[in-house]
Amino acid sequence: MSHRRYIAMLFALLCIAVYAQKKIVFYNVENLFDTRHDSLYQDTEYTPDGDKHWTYQKYRTKIDHIAQVIANIGEWQTPMLVGLCEVENDYCLQSLTKFSGLKNYGYQYLHHDGPDVRGIDCALLYDPLQFELLTHQFISVPLSDRPTREFLYAQGEMIDRTHRHTQKDTLHIYVCHMPSRLNGKASEHRRQTALKVLQTHIDSVLSAQPNAHIIVMGDFNQEPEDNLPPLQNLMLPFHQAGKGTYKYKGIWNCLDQCYITANMAERTKTHIFDADWLFEEDTKYLGEQPWRTYKGWRYSGGYSDHLPIWIEFLPLAE
């Protein structure tokens, strides 16, 4: 066999390995704000004249850090889907997909300015070469005391080009950011209301398509439970092993979670992305903690107070 043919075969095998496996990411990016004040939202804290003196240079560092995380999770393969929360607006997503290290990835995105008083929303990046969007919807949560983030729902076909004929596998995707734990137990009813809204929508999908493939990912602001039946929570084993994505007063919490329908369980493998450069020393409680953008009012220049999670997902067998 010639050297040239050998190299071609290796490249072909690499392409097959890359395209056969899909990657789905969720990341709470911790306050991705631009530097401009939007009169409709309480965002003055993240402006040059605000309390945190949020400048364009700090904003660009934040954008570059998020791009670095997504690119490193992808390695040789562009993640098919990237769910994000705590994103302010379309301008931030344009910066991320068009003017960062992701600019050649071809990402398109879904976003809507929702009712959250600070103006932070959920968003979804998708690679149109791997995921063909069919429809999407933003689902509001009716709370009387304080508006909260909408859920993002998208339906699309996962494209597998490794077979002789392009094969498509329909997915139903939800990106969530549940109401915060501010005020402790007093805020529990807000999360329960949000979960009921989410459950109702999931039930409607399963009623129409009993064998639907559903993925729910997000920051649930509580420890993992199996509380979206019949879906399975992929982060329960991490929680039971004392691992997490967010550190509070020295304790790791597994707030960022992913649920799937049982018909996908054998096709998925879940990870917490914990590269060394995402951490800093925890000087108060010892050990390490996620390297966040601000520590109180002091600019730290890190990534986020949350770690990303991602799943490997195999397409349907031929």
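This text follows the structure it describes.
A brief report on the enclosed structure follows.

Rules used throughout
- Residues numbered from 1 in each chain as written.
- Predicted model: local features only at pLDDT ≥ 70, side-chain atom pairs only at ≥ 80, totals over all residues.
- Heavy atoms only, no water.
- Buried < 20%, exposed > 50% of the residue type's maximum accessible area, 1.4 Å probe, protein only.
- Helix = DSSP H or I, 4+ residues; strand = E, 2+ residues; numbered from the N terminus.
- Contact = heavy atoms within 4.5 Å.
- Polar contact = N/O pair within 3.5 Å; in protein donor to acceptor, adjacent residues only side chain to side chain.
- Pairing = 2+ DSSP bridges.
- Axes fitted to C-alpha atoms, helices over the stretch in contact; angles between N-to-C directions.
- Disulfide = S-S within 2.5 Å.
- Phe/Tyr/Trp six-rings, centres within 6.5 Å; stacked < 30°, edge-to-face > 60°.

Digging into helix H3 (residues 90-98)
- Of all the residues in H3, the buried ones are Cys92, Leu93, Ser95, Leu96 and Thr97.
- Looking at the buried side of H3, the elements it contacts are strand S1 (22-32), helix H2 (56-74), strand S2 (81-87), strand S3 (108-111) and strand S4 (121-126).
- Its side-chain oxygen at 3.2 Å from the backbone nitrogen of Tyr91, Asn89 defines the N-terminal cap of H3.

Some remarks on the sheet that holds S3
- With mixed pairing, the six strands of this open sheet are ordered in space as S3-S4-S2-S1-S18-S13. The strands lining the two open edges of the sheet, one partner per strand, are S3 and strand S13 (268-272). Shown here is a sheet whose adjacent strand axes are inclined to one another by a mean of 20 degrees, direction ignored.
- Sheet analysis places S13 next to strand S18 (residues 309-313), joined by five bridges and oriented antiparallel. In the strand pairing of S18, Lys269 is matched with Glu312.
- Relative to S1, H2 is tilted by about 160 degrees, and along the sheet it contacts S1, S2, S4 and S18.
- Strands in contact with H3 are S1, S2, S3 and S4; relative to S3, the strand with the most contacts, it is inclined by about 165 degrees.

A look at the environment of Thr293
- As for its placement among the helices and strands, Thr293 is situated in the loop between strand S15 (288-290) and strand S16 (294-295).
- Taking relative accessible area as the criterion, Thr293 reaches 4% and is therefore assigned buried.
- Setting aside residues no more than four positions away along its own chain, Thr293 makes contact with Glu30, Trp54, Lys62, Arg298, Tyr299, Ser300, Gly301, Gly302 and Tyr303.

Here's the deal with unusual backbone geometry
- Cis peptide bonds are those with omega within 30 degrees of zero, and the linkage from Pro229 to Pro230 qualifies with 5 degrees.
- One can find Pro230 in the loop between strand S8 (214-219) and strand S9 (232-233).
- The phi torsion at Glu75 lies on the positive side, around 50 degrees, for a residue other than glycine.
- Within the secondary structure, Glu75 is located in the loop between H2 and S2.

A few points about the state of the cysteines
- This structure, assessed with the given rule, holds zero disulfides.
- Cys122 carries a free sulfur, and the closest cysteine sulfur to it, the one in Cys85, is 5.6 Å from it.
- Cys122 gets classed as buried once you look at its relative accessible area, which sits at 3%.

Structural notes on the packing of aromatic side chains
- Per the counting criterion, the structure on display carries 15 aromatic pairs.
- The interplanar angle of 5 degrees and the centroid separation of 4.7 Å between the aromatic rings of Phe33 and Tyr46 together place this pair among those described as stacked. Highlighted residues: Phe33 in the loop between S1 and H2 and Tyr46 in the loop between S1 and H2, separated in sequence by 13 residues. The pair formed by Phe33 and Tyr46 is uniform in burial state, with each residue classed as buried.
- For the pair Trp54 and Tyr294, a centre-to-centre distance of 6.2 Å together with 50 degrees between the ring planes defines the contact as tilted. Here Tyr294 lies in strand S16 and Trp54 lies in the loop between S1 and H2, a separation of 240 residues in the sequence. Side by side, Trp54 and Tyr294 carry an identical accessibility label, which is buried.
- An aromatic cluster is built from Phe33, Tyr46, Trp54, Tyr294 and Tyr299, whose rings are joined through pairwise contacts.

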